[in-house]
Each structure stands twice: as structure tokens, then as C-alpha cells.
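Structure assessment
Listed below are the residues making up each chain.
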Amino acid sequence: QVQLVESGGGLVQAGGSLRLSCAASGRTRASYGMGWFRQAPGKEREFVAGINWSGRSTYYADSVKGRFTISRDNAKITVYLLMNSLKPEDTAVYYCAVDPTGWGSEARPYDYWGQGTQVTVSS
């Protein structure tokens, strides 16, 4: 089993920034890809950003390109999501997940999921 714990969410004004963290433990591997997803009320969960096992390849949804940055620290087995220029439409519960194949791109078989952290952006 892999356990994922997200943190860093909160309430921020539009235009502000937050940095989310996702710490992995258990039977985790540095070879795993990692991804961030979000789900807003009444909407389906959507891919936000992903990173491959080495950190050299990153992937973003069009809606966050240029504003969000995903990174990872394999020594700490932690993945981060820096969110700048936040908009009210970024309001959602943000989840991190593991891609055991290592790729970290959108259409991968993400497996383990965290409990999520709430991000609320006020206008």
C-alpha cells in the first residue's frame, strides 16, 4: 500500500498563490509518476498536472499552463504544486495520485489517491 497526504490548501484571494504538497509513504517507489487532480462541486474530477519519475517531464492541463508548476523531491518522496495567479475557477478539492508506470501524464492508470486538500479562491 501507498499512503499519500496532501497539505497546503486554504483560502486565497484571486491573483494569489498557494503551494500544495503531497507526501508519500508506505510501499512507494521513486520510479512512480505523480499527478495532481482536482474536483469542483458538481463537476467531474480533472487532471491538473503530472510529473514523471525523474522529474524531467511535466504535463499540464491547458487551463493551468503558465500558472501552475509541478515538481518533486525524490529524496523526500514528495510532490509539489505551486499555483500562481489563482482564479475563482481554480476552487476545488485537489488530490495527488500515483502513476505506477512512471510516466505521470494525463491518461495513465493512476492508482493510489490522497484524501485531498481544499483550495478556495475568492473573487
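Heads up: the structure comes first, above all this text.
Residues numbered from 1 in each chain as written. Predicted model: local features only at pLDDT ≥ 70, side-chain atom pairs only at ≥ 80, totals over all residues. Heavy atoms only, no water.

So, the sheet that holds strand 3 (residues 18-26)
With respect to topology, four strands assemble into an open sheet ordered 1-3-8-7, the strand pairing being antiparallel. The open sheet has two edge strands with one neighbour each: strand 1 (2-7) and strand 7 (68-73). The average undirected angle you get between the axes of adjacent strands in this sheet is 15°. Judged from the six bridges that link them, strand 7 and strand 8 (residues 78-83) form a sheet pairing that is antiparallel. Bridge assignment links S71 to a residue of strand 8, and that residue is Y80. (Pairing = 2+ DSSP bridges. Helix = DSSP H or I, 4+ residues; strand = E, 2+ residues; numbered from the N terminus. Axes fitted to C-alpha atoms, helices over the stretch in contact; angles between N-to-C directions.)

Remarks on the packing of aromatic side chains
Applying the stated rule across the entire model yields four aromatic pairs. Measuring from centroid to centroid gives 4.9 Å for F37 and Y110, while their planes differ by 80°, and the two rings are edge-to-face. Of this pair, F37 sits in strand 4 (residues 33-39) while Y110 sits in the loop between strand 9 (92-99) and strand 10 (117-122), and the two are 73 residues apart along the sequence. Note on accessibility: F37 and Y110 belong to one class, buried. (Phe/Tyr/Trp six-rings, centres within 6.5 Å; stacked < 30°, edge-to-face > 60°. Buried < 20%, exposed > 50% of the residue type's maximum accessible area, 1.4 Å probe, protein only.)

Things to note about the nonpolar core
Residues L4, W36, V48, F68, L81, M83 and Y94 are the most contacted members of the largest nonpolar core, which totals 28 residues. At the level of elements, strand 1, strand 3, strand 4, strand 5 (46-51), strand 7, strand 8, strand 9 and strand 10 are the ones that each hand at least two residues to this core. Sequence-distant contacts of L4, that is, excluding residues within four places in its chain, are made with C22, A23, A24, M34, C96, A97, V98, Y112, W113, G114 and Q115. (Core = buried A, V, L, I, M, F, W, Y, C linked by side-chain atoms within 4.5 Å. Contact = heavy atoms within 4.5 Å.)

Notes on the pattern of salt bridges
Per the counting criterion, the structure on display carries five salt bridges. Among the salt bridges present, the one from E46 reaches R38, with a minimum N-O distance of 2.6 Å. Given the relative accessible area of 34%, E46 is considered partly exposed. When its relative accessible area of 6% is taken as the criterion, R38 is described as buried. For D90, the salt bridge identified is with R67, shortest N-O distance 2.8 Å. With D90 in the loop between strand 8 and strand 9 and R67 in the loop between strand 6 (58-60) and strand 7, this pair connects stretches of sequence that are 23 residues apart. Taking relative accessible area as the criterion, R67 reaches 10% and is therefore assigned buried. Several salt bridges share partner residues, and in doing so they unite R38, E46, R67 and D90 into one network. (Salt bridge = Lys/Arg side-chain N within 4 Å of Asp/Glu carboxyl O.)

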